[in-house]
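Chain and residue survey
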Amino acid sequence: MKKIVLPTAHPSLLPLPALAQPAAPATKLYASSADVQALVAKAKAEHKGGNTALLVVNDEGYPFQLEYRTGTTPPSIHPTHAELIEIIDGSCTLITGGTLVGAKPAAPGASTQGGTAIEGCTPRKVAKGEYILVTASTPHQYSDVRGRTLKPLPMRRPSEMAC
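Reference entry: report on the structure contained in this document. (Residues numbered from 1 in each chain as written. Predicted model: local features only at pLDDT ≥ 70, side-chain atom pairs only at ≥ 80, totals over all residues. Heavy atoms only, no water.)

One pass over the full model with this rule turns up three salt bridges. The closest approach of N and O atoms between Glu-46 and Lys-42, which form a salt bridge, is 3.9 Å. Here Lys-42 and Glu-46 lie together in helix α2 (residues 33-46), a separation of four residues that amounts to about one turn. On the basis of relative accessibility, which here comes to 41%, the residue Lys-42 falls in the partly exposed class. (Salt bridge = Lys/Arg side-chain N within 4 Å of Asp/Glu carboxyl O. Helix = DSSP H or I, 4+ residues; strand = E, 2+ residues; numbered from the N terminus. Buried < 20%, exposed > 50% of the residue type's maximum accessible area, 1.4 Å probe, protein only.)

Next up on the list: the side chain of Glu-83. Relative to the helices and strands, Glu-83 is located in strand β4 (residues 81-86). The class of Glu-83 is buried, set by a relative accessible area of 2%. In this structure the side chain of Glu-83 is engaged in a polar contact, spanning 3.3 Å, whose partner is the side chain of His-78. (Polar contact = N/O pair within 3.5 Å; in protein donor to acceptor, adjacent residues only side chain to side chain.)

In short, the description is geometric, and any link to function would need to be established separately.
Next up, the structure:
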């Protein structure tokens, strides 16, 4: 692996907004089955409803996270990312396609834009072992979460590389 050394400035010379930005997650290229099971247990313990997300592996632009869901999510789109989802437990109705209604501007730097509903969509029952590719800017929403939980493992890809 090549290492690149870049010149740095003393922190006192940096503008204050640069200091306030959160650090990018560290690169992590491997997670064992035991690591994932530990993340599932941690998500269950920390879950307060809605969605609990924990990073499994990550490289710049390619986060792969465990999302522990127990209820309906708000409709959303990812304008710059496609999302590959694996259902590892539970089931739900995944609503995709159509038009995002009541779209709200995304927060600065955010990769998700929310809305109030989806019109002209396709509901699909999904369950453990299934994979779904949600392309960039495709409205989607999880509803009718069944069983213990729904744990999708989404991997987001920059849209310029999406299929």
